[in-house]
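# Observations on the model geometry
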Amino acid sequence: MKKTLLCITSFGLFFHLKAQTDTTTQNLETVIIQENRIQIPFSKQSRNIALVDKQAIETTPARSLQEILSFVPGVDVRQRGVTGIQADIGIRGGSFAQTLMLLNGIKLSDPQTGHHMMNIPVPLVNIDRVEVLKGPGSRIFGQNAYAGAINIITSLNDERYLRMQGYAGDFGMKGINFSGSLPAGNYKQNLSISYDDSNGYQYNTDYQVSNIFYEGGMDLNNRNALRGMIAYTDRTFGANSFYSSSFPDQWESIQTTLASLSHTLNLSNFYLNTRAYYRYNTDEYRLRRNEPEFYQNNHTSDVFALEANGNFQTTLGTTGFGIETRKEKLESNNLGDRERTLSGIFLEQLINLSSIVELRAGLYSNYNTGYGWKHFPGAEIGFQANQEIRLYTGYGVSYRIPTFTDLYYVGPTNIGNDQLAPEEAQNFEIGAKWAKSGFRAELVYFLRNTDNLIEWTRPDEETPWQPKNFNEVKFNGIEASLFYRVNPSATTVQVKEFHFSYNYIHADLIQQPGVETRYALTALKNQVIGGVLVGIGKKLEWNTKMRYIERMNQNPYFLLDMRVDYNRIGKIGLFAEASNLTNTEYIEAATIQMPGRWFRAGFMLNLDSGN
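Residues numbered from 1 in each chain as written. Predicted model: local features only at pLDDT ≥ 70, side-chain atom pairs only at ≥ 80, totals over all residues. Heavy atoms only, no water.

Under the counting rule described, the total for this entry stands at nine cavities of 30 Å³ or more. When its volume is computed, the largest cavity comes out at roughly 250 Å³. What lines the largest cavity is a set of 25 residues, among which A97, L100, S109, D110 and N144 lie closest to the centre. At the level of elements, β4 (99-103), β16 (317-332), β17 (338-352) and β18 (357-368) are the ones that each hand at least two residues to the lining of the largest cavity. (1 Å grid on protein atoms, 1.4 Å probe; cavity = no way out; pocket = protein on both sides within 12 Å on 5 of 7 lines; lining within 4 Å. Points joined across faces, edges and corners; volume = space filled by probe spheres on them. Helix = DSSP H or I, 4+ residues; strand = E, 2+ residues; numbered from the N terminus.)

Below, the structure written as structure tokens:
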């Protein structure tokens, strides 16, 4: 903790000395949060949302989206190995299965298991920004947005460009990616290809990851537009103790394909987006890497979905509406052949009660072939106290159905439970936001009362884990954050960005005598995140990031990461970054020891139509 306080104090003093001279600010408040129906500017949101923009993505000491998300307040990233080769994401004390991942509003959920949530077939270079909605998201995005939702946003470009990046580092790590935009008349298109691999930082932690991402679109006229996407990722890795410490030779190979096509109709007072998407996933898992006959699982999942979302303007305000249907199928030598259909209806209303008070309320109704109809209301009220301060409060009901692994898995260390009921939660939050001259600050309190929490349990180490429903569990906590950013100036040394956040989460799940739980009582308890981005001259940037993490019933740990960029936005750039500079021994997931201090360095080549 002494290291944490020292870093915080150093950041604060440096920030105080330099911030006094900065007068030019960069306005992020006009960014429109990409929800499927009613879309509101970031500055007018009446709930707790974090925004990770392009600059943060490019300057963070990270080689994967998973690592970048570990610096978002309230987000708990539990990696099994480096560069996010297999990682679980939780929000506000929720488990990995309680977070919904989306790509441009398209749900990436896999019916087999929540462990596939981060099999995202998009290289970092293609991501424009990431929007992290903390708290209930069922009313906005549907079921499984239980503790929050993360929406990855990409964009099509009007100008030609070519980007090439390469890097190498410890553990035989290396990677390269190509990304380009080649608009042809009214048609815009992006293509990227990436490859990463490593020998592993310890026995049987090697990996190979390949991604292909293509996106295209065009405006048919001033009212109609089409957009399509196809993406593929191949992730093959040694899984030393990933799912059981008794088997260090585990191995897994996962391939995911995602395709979508959407049409947008945009009239003066009416907006409608219709889309279809398909997700295909194959998963081969071996308990002993070189002995598939000893124990092997082969799963293939198919998801096909149709959606229509829109809004229209009336004298009462903005009305949002939507309908969706989703077919999920699984073929598995372990889980059997399974299928289910989910359908949903969305309706919400945004009303300006006065010039300074806004009310947004709605309902999501979901039908599941296994559980019937469920209804999820929610509402938020925002009060603009003055130009700088916004107060807000909200309530919502969230919902998650079990995965097929929760229900049907049979293995030497895990057994499913086909009697599981879905999870439901009542959520409440109240908060305040302040923004002025490049500063943003937020303070929020949240409460989540969970009914039928799904938690894996076992009576002793000799018995396999099995999921069960807990009747009622309460999570509550606070989040405080401060963010500062300015545009670059001619100053020789300039603090371009500073951020600091603190999260505290309390869970009142009482562990029953003689029963061990796997996830609920290892949620975040205390989380401190800090960072400062310093510009030196016109071309050099130095980013320092720190984290202090304490999970319930686990030892806390401190991590310090750094990255240096030279000429990042120029034609040819260089970077070097280091992770875990303090050489801390720590564990994020299961019993897997994460690596000590490690380094990597690389180059960027940026060509556009102006060069």
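So, about the confidence of the model for the protein. Across the protein, pLDDT averages 90, with 94% of residues at or above 70. In the predicted structure, residues 1-26 sits below a pLDDT of 50 and forms 45 contacts with residues beyond four places in sequence or in another chain. (pLDDT = per-residue confidence, 0-100. Contact = heavy atoms within 4.5 Å.)

The next subject is the sheet that holds strand β6 (residues 127-134). One open sheet accounts for five strands, arranged β1-β6-β7-β4-β5; its pairing is mixed. Each edge of the open sheet carries a strand with a single partner, namely β1 (49-52) and β5 (106-107). Where β4 lies against strand β7 (residues 148-154), five bridges are found, and the strand directions are parallel. Bridging across to β7, L100 finds its partner in A149. (Pairing = 2+ DSSP bridges.)

Now for the pairing of strand β12 (residues 224-238). One ladder, built from 13 bridges, connects strand β11 (residues 207-219) with β12; its direction is antiparallel. Bridge pairing in β12 links G216 to G228. Between β11 and β12, which pair antiparallel one after the other, the connecting turn spans four residues. Two strands pair when backbone bridges link them, and β12 and strand β13 (residues 251-266) are joined in this way by 15 bridges, in the antiparallel orientation. Residue pairing across strands places G238 opposite W251, the latter belonging to β13.

Right, let's talk about unusual backbone geometry for a bit. Its identity is not glycine, yet T83 carries a phi of approximately 50°, on the positive side. Phi at S437 takes a positive value of approximately 50°, unusual for a residue other than glycine. Tracing the backbone shows S437 in the loop between β21 (423-436) and β22 (439-458).

Turning to the side chain of T205, a few remarks are in order. For T205, the position within the fold is in the loop between β10 (187-198) and β11. The exposure class of T205 is buried, given its relative accessible area of 7%. Within polar-contact distance, the side chain of T205 engages the backbone nitrogen of Y201 at 3.0 Å. Here T205 is in contact with N199, G200, G238 and N240, once residues within four sequence places are set aside. (Buried < 20%, exposed > 50% of the residue type's maximum accessible area, 1.4 Å probe, protein only. Polar contact = N/O pair within 3.5 Å; in protein donor to acceptor, adjacent residues only side chain to side chain.)

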